[in-house]
Amino acid sequence: MKHIALIGNPNTGKTSLFNCLTGMRQRVGNYPGVTVEKKLGTAYLADGPATMIDLPGAYSLSASSLDERVAVDVLSGHLPGIERPDIVVCVIDATNLKRNLFLAMQIAELGIPMVIALNLWDALEQRGLSIDIVELEKRLGVPIVATVGRKGIGISELRDAISKAATQERCLAPMTWPAEVNEAVNNIHCAADGHTAVPLTDMEVRRLLFDANSAVLDRVQSNHEKVRASISEGRENLRKLGLNPMAAEAVLCYKHLDKLLEGVIKQAGDAPNGPDGTESIDKLMLHRFAGLLIFAAMMYVVFQAVYSWAGPLMDLVDGLKGWVQGIVGGWLEPWPMMSSLMTDGIIEGVGAFAIFLPQILILFFFIALLEDTGYMARAAFLMDKLFGWCGLNGKSFVPMLSGYACAIPGILATRTIEDPKARMVTILVTPLMSCSARLPVYVLLIGAFVEPKYGPWAAGLALFVMHIVGLLVAVPAAYILTKFVIKTKPQPFLLEMPSYRLPRMQDVLFRMWMAGKEFVIRAGTIILAITVIVWALLYFPRPAGLEDEVTKEFYAEHIEPNPASASLLDDPDSELSVELSNTIDAAYINQSFMARIGKAIQPVFAPAGFDWKITVGVVASFPAREVIISTLGVIYSLGGDVDEESPDLMTTLSNATWKEGPRAGTPIFTLPVVFAIMVFFALCQQCGATLAVMAKEIGWKWVAGSFVFQTSIAWLGAVLVYQLGTAILS
Amino acid sequence: MLESIVVAAIVLAAAAFLFNKWRKTTSPKKGCGGNCDCHKTKL
Ligand SMILES: Nc1nc2c(ncn2[C@@H]2O[C@H](COP(=O)(O)OP(=O)(O)OP(=O)(O)O)[C@@H](O)[C@H]2O)c(=O)[nH]1
Ligand SMILES: [Mg+2]
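From a predicted model like this one, the values you see are computed outputs, not experimental measurements. (Residues numbered from 1 in each chain as written. Chains lettered and ligands numbered in written order. Predicted model: local features only at pLDDT ≥ 70, side-chain atom pairs only at ≥ 80, totals over all residues. Heavy atoms only, no water.)

**Student:** Kindly report on the overall build of chain B, identifying the contributing residues and their values.
**Tutor:** Looking only at helices and strands, chain B features one helix and zero strands. Residues classed as buried in chain B amount to 16% of the 43 residues present. Per element, the accessible surface of chain B, about 3100 Å² overall, is 68% carbon and sulfur. (Helix = DSSP H or I, 4+ residues; strand = E, 2+ residues; numbered from the N terminus. Buried < 20%, exposed > 50% of the residue type's maximum accessible area, 1.4 Å probe, protein only. Areas by Shrake-Rupley, 256 points an atom, 1.4 Å probe, with all protein chains shown as cover.)

This is the structure in structure tokens:
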């Protein structure tokens, strides 16, 4: 099967075309660096199926970041397991022809047959311009097709062109270099000859000449002195021509392209819609104060919407949960243990978590909007203005902002950062961003304790504040890391601002669908499994005499002073009966394995105001933070603390009181406790999957360090919030 | 009796699932991980 690679500058629509050609649904987004790994798919061409390879965007082949290297390695056939492509489709932003052709000229030197896709053709037309394709095709010597990736226009033409290119093997003519460059290349060849395992190609030698730290030098095994001397000599000759050696390639290539492109771009009448307005919008959006204000206001609106739109949908899911619980409980009535596992354990735990699906969908709706309009890159720019002093910049802030959806894609997105040290710092702080898995925790606690007291406005504000907490820790942490631990040099801000675009509804809906699917799968697998274990640890042991003992005590306390009430116990729905059965439930859970563990660890969290039940929730949540919700659900359901009238977890939590100790009878969940829990969850590293991905990127040692750091800082934050909160409120 | 066996089986299945998941995520997969050298371009 033929291998066809899609390559081009970042954000030119490679993945959009890939999706059109293969029918796949890889992620597209309107900012550079969406694709950071190669993706394979199958396209059906006239002469049969072919393997398509979607690559991360690259500006040139002298790649310095990990994602660009993937592209370069695939093209040069150096990536194990992937053959060198038979054809490259060079995806070019038609509105930025010259700069995009620079990469094409470099690829030309590899001698692979090429097809050029002039993508974003609609944006070109919108600017009232046109490109003379016939003429350009003649001058470049390769098939050229105009495409609109997001609408699927020009795809069948592109397919035909690819099939044709496969048979005709038409390559882009490489540029001719001035004599000085050729001479320098010859000299370097002479010096390196016989000192590399495989002889260097002309192109590789030119990389030695033009790039400051070319990896090609590593391939020279001996005779380094001579090779270096010949490189310096060649560069000296370039200087004599008036060329800065580091910029020589670009200057020479652009000169070549200027000639090649003369008269190809044409005015096609008046611009029908005028310029796309990106610049004038950006004057406002990137403004030092107005921009930040707009950013903050937008974020507030997002969280307010996440909070308030979801209410009715949540009630629906909650009602469904209660209904299922009733039916299953009825079926399993003769088997109390099984019934408890199903209703108090699985349905209660997973249901309490599943309720938050609407919030996740709404959050991802907004995330998709931000990414697809092109605002993401602006937000990164604003963050750079605000927090640039901490040693991070736009290329770090894009992954960090992605971390608001989930830390894992955020960590993978750091592959766009060239400097390995800056990348390391970014990976270490990205898990502090408030990912969507924290959202249910916040919403549960804010819904139970902030909204009833202070109203929905305060609830939205609290949610907004919780999403900033992690950032406020990440920035100084990054500062300390870059200054003292990993020591990076300040990085220039280099992030291309994409044009604003209207998001495609199908992309937005697809993003929501994927997030929802992921959420449901998590609920049905890892959350479910942990819930079952938590249930078992809370249900067992079941000592034989416990029920009798508790009943006896209950009689001594309630019936003996008032013997007439004994008859009430015959009615299982009477208040007294319910109280007795709740007391028995509480007695069982109080001596369960989990309670023993929780009570043993609770002193650690006592300074943050946590009781043993919250402690159990926190500890059980280390593999996946959402587990706190299902765990609290199971604890209170098994412990007989659920209010029959309104059995939802929020009401249950707000009714919970201390059973013993100095605070007996007072509510467990006071505002300081609630915020202490939320701060703990905002800062703690409670995600096994993230740890595993981090370990793959930076090794277990760093992961262990980051885990210890985040756990300590989370504990410290929780204690601080609780202590300050109680001091202020009392 | 049968009930206890079924419950025990469910709990064991959950534990096995989690153990398997944990083993899968921590086992070093082939690939580069933090070691960027294997990605090093030859250009
Ligand atoms: N107007 C217009 N927008 C397009 C076209 N093709 C793609 N887009 C949009 O451009 C943005 C970038 O598209 P992607 O396909 O993600 O670009 P990419 O080249 O894969 O980007 P990276 O993976 O980041 O290098 C998305 O918002 C697309 O919807 C097009 O022909 N016209
Ligand atoms: Mg892409």
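**Student:** Can you explain the confidence of the model for chain B? Please cite residues and give values.
**Tutor:** The share of residues in chain B with pLDDT of 70 or more is 60%, and the mean pLDDT across the chain is 71. Here residues 30-43 of chain B is modelled with pLDDT under 50, and outside its nearest four sequence neighbours on either side it reaches 38 contacts, counting other chains as well. (pLDDT = per-residue confidence, 0-100. Contact = heavy atoms within 4.5 Å.)

**Student:** Tell me about the coordination of the magnesium ion (ligand 2), and name the residues and values.
**Tutor:** All names here are of chain A. Coordination of the magnesium ion (ligand 2) by the protein is provided by T15 (OG1) and T35 (OG1), with metal-donor distances spanning 1.9 Å. One end of the pair, T15, is in helix α1 (residues 14-22); the other, T35, is in the loop between α1 and β2 (39-45), and 20 residues separate them in sequence. No difference in accessibility class separates T15 from T35, as the two residues are buried. (Donors = N, O, S within 2.8 Å, 3.2 Å for Na, K, Ca; no water.)

**Student:** An account of the packing of aromatic side chains is needed here, citing residue identities and associated values.
**Tutor:** Where two aromatic rings form a pair, the distance of their centres and the angle of their planes describe that pair. All names here are of chain A. Inspection of every chain in the model, using the stated rule, returns 20 aromatic pairs over all chains. Relative to F540, the ring of Y539 has its centre 5.1 Å away and its plane inclined at 80 degrees; by these criteria the two rings are edge-to-face. For F540, a relative accessible area of 26% gives the class partly exposed. Taken together through their ring pairs, the aromatic side chains of Y300, F303, W457 and F464 make up a single cluster. The residue whose ring lies beneath R378 is Y500, and the NZ or CZ to ring-centre distance is 4.0 Å. (Phe/Tyr/Trp six-rings, centres within 6.5 Å; stacked < 30°, edge-to-face > 60°. Lys NZ or Arg CZ within 6 Å of the ring centre and 35° of its normal.)

**Student:** Which residues make up a negative patch on the surface, and what are the values?
**Tutor:** Residues and elements named next belong to chain A. A surface patch of negative charge is lined by E547, D548, E549, E553, E557, E575 and E579. Looking at the negative patch, the elements with two or more residues in it are α22 (546-559) and α23 (575-590). With five residues, α22 is the single largest residue contributor to the negative patch. Take E549: it is sitting in helix α22. (Patch = residues over 30% accessible without salt bridge, like charges linked within 9 Å, V, L, I, M, F, W, Y side chains within 5 Å. Salt bridge = Lys/Arg side-chain N within 4 Å of Asp/Glu carboxyl O. Lys, Arg positive; Asp, Glu negative; His and termini not counted. Charge placed at Lys NZ, Arg CZ, Asp CG, Glu CD.)

**Student:** Please give an account of unusual backbone geometry that cites residues and values.
**Tutor:** All names here are of chain A. Cis geometry is found at the peptide bond from F540 to P541, where omega equals -5 degrees. Inspection of the secondary structure puts P541 in the loop between α21 (505-539) and α22. We note that N11 has phi near 60 degrees; this positive angle belongs to a residue other than glycine. Of note, N11 is situated in the loop between β1 (2-8) and α1. A positive phi angle is found at L120, which is not glycine, with a value near 60 degrees. The residue L120 is located in the loop between β5 (114-119) and α4 (121-126) in this model.

**Student:** Would you mind going over the pattern of salt bridges in detail, with residue names and values included?
**Tutor:** All names here are of chain A. All chains considered together, the criterion is met by 22 salt bridges over all chains. The partner of K98 in a salt bridge is D258, and the shortest N-O contact between them spans 2.8 Å. Taken together, the residues span a long stretch of sequence, with K98 in helix α3 (residues 97-108) and D258 in helix α10 (residues 245-260) at a distance of 160 residues. In this structure K98 comes out as partly exposed when scored by relative accessible area, which is 32%. Its salt-bridge partner being E348, residue K321 comes within 3.4 Å of it at the nearest N-O pair. Of this pair, K321 sits in helix α13 (residues 311-331) while E348 sits in helix α14 (residues 336-354), and the two are 27 residues apart along the sequence. Just as K321 is buried, E348 falls in that class too. Within this structure, E37, R415, R423 and E697 form a network of salt bridges that share partners.

**Student:** Go over the sheet that holds strand β4 (residues 87-93) of chain A with me, naming the residues and quoting the values.
**Tutor:** Residue and element names in this part refer to chain A. An order of β2-β3-β1-β4-β5-β7 is seen for the six strands of this open sheet, with the pairing classed as mixed. Lying at the two open borders of the sheet, with one neighbouring strand each, are β2 and β7 (144-146). Here the strands of the sheet are splayed against their neighbours by 25 degrees on average, with no regard to which way each runs. Sheet topology note: the β1/strand β3 (residues 48-54) ladder contains five bridges and is parallel. The residue bridging I4 from the neighbouring strand is M52, located in β3. Against the sheet, α3 contacts β1, β4 and β5, and its axis sits at roughly 165 degrees relative to β4. (Pairing = 2+ DSSP bridges. Axes fitted to C-alpha atoms, helices over the stretch in contact; angles between N-to-C directions.)

**Student:** With reference to specific residues and values, describe the packing of α21(A) against helix α1 (residues 2-26) of chain B.
**Tutor:** For the pair α21(A) and α1(B), the least separation of the axes is 9 Å and the interaxial angle reads 130 degrees. When the axes of α21(A) and α1(B) are compared, the pair comes out oblique. Crossing of α21(A) over α1(B) shows left-handed handedness. Between α21(A) and α1(B), the residues in contact are T525(A), I526(A), A529(A), I530(A), V532(A), I533(A), W535(A) and A536(A) and V7(B), I10(B), V11(B), A14(B), A15(B), F17(B) and L18(B), respectively. Class assignment for the residues of the contact of α21(A) with α1(B) results in 14 nonpolar, one polar and no charged. (Parallel < 35°, antiparallel > 145°, perpendicular 65-115°, else oblique. Left-handed = near helix turned anticlockwise from the far one by under 90°. Nonpolar A, V, L, I, M, F, W, Y, C, P; charged D, E, K, R; others polar.)

**Student:** Describe the pairing of β1(A), naming the residues involved and giving the relevant values.
**Tutor:** Residues and elements named next belong to chain A. The buried fraction of β1 is high, at six of seven residues. Examined bridge by bridge, β1 and β4 share five bridges and lie parallel to one another. The partner of I4 across the bridge, within β4, is I87.

**Student:** I'd love a proper account of the site of ligand 1, names of residues and values included.
**Tutor:** Residue and element names in this part refer to chain A. In the vicinity of ligand 1 there are 23 residues, among which K14, T15, S16, T35 and R501 approach most closely. Between T15 and ligand 1, the recorded distance is 2.6 Å, taken from a side-chain N or O atom to an oxygen atom. With respect to ligand 1, the side chain of S16 contributes an N or O atom lying 2.7 Å from an oxygen atom. Contact with the protein chains covers 98% of the free accessible surface of ligand 1, which is 660 Å². Looking at the shell around ligand 1 element by element, the count peaks at three residues for α1. (Near = heavy atom within 4 Å. Polar contact = N/O pair within 3.5 Å; in protein donor to acceptor, adjacent residues only side chain to side chain.)

**Student:** I'd like a description of the domain arrangement of chain A, backed by residues and values.
**Tutor:** Domain boundaries in chain A define domain 1 (2-168), domain 2 (179-265) and domain 3 (556-729). Relative to domain 3 of chain A, the C-alpha centre of domain 1 of chain A lies at a distance of 54 Å. (Domains from an automatic or database assignment.)

**Student:** Which residues make up the nonpolar core, and what are the values?
**Tutor:** All names here are of chain A. W535 and F669 are the most contacted members of the largest nonpolar core, which totals 149 residues. Looking at which element gives the most residues to this core, the answer is helix α20 (residues 439-485), with 23 residues. With residues up to four places along the chain from it excluded, the contact list for F669 reads L445, F449, I614, Y636, L653, A656, V674 and I677. If you look at the next biggest cluster of nonpolar residues, it comprises 67 residues, including I133, A184, I231 and L243. (Core = buried A, V, L, I, M, F, W, Y, C linked by side-chain atoms within 4.5 Å.)

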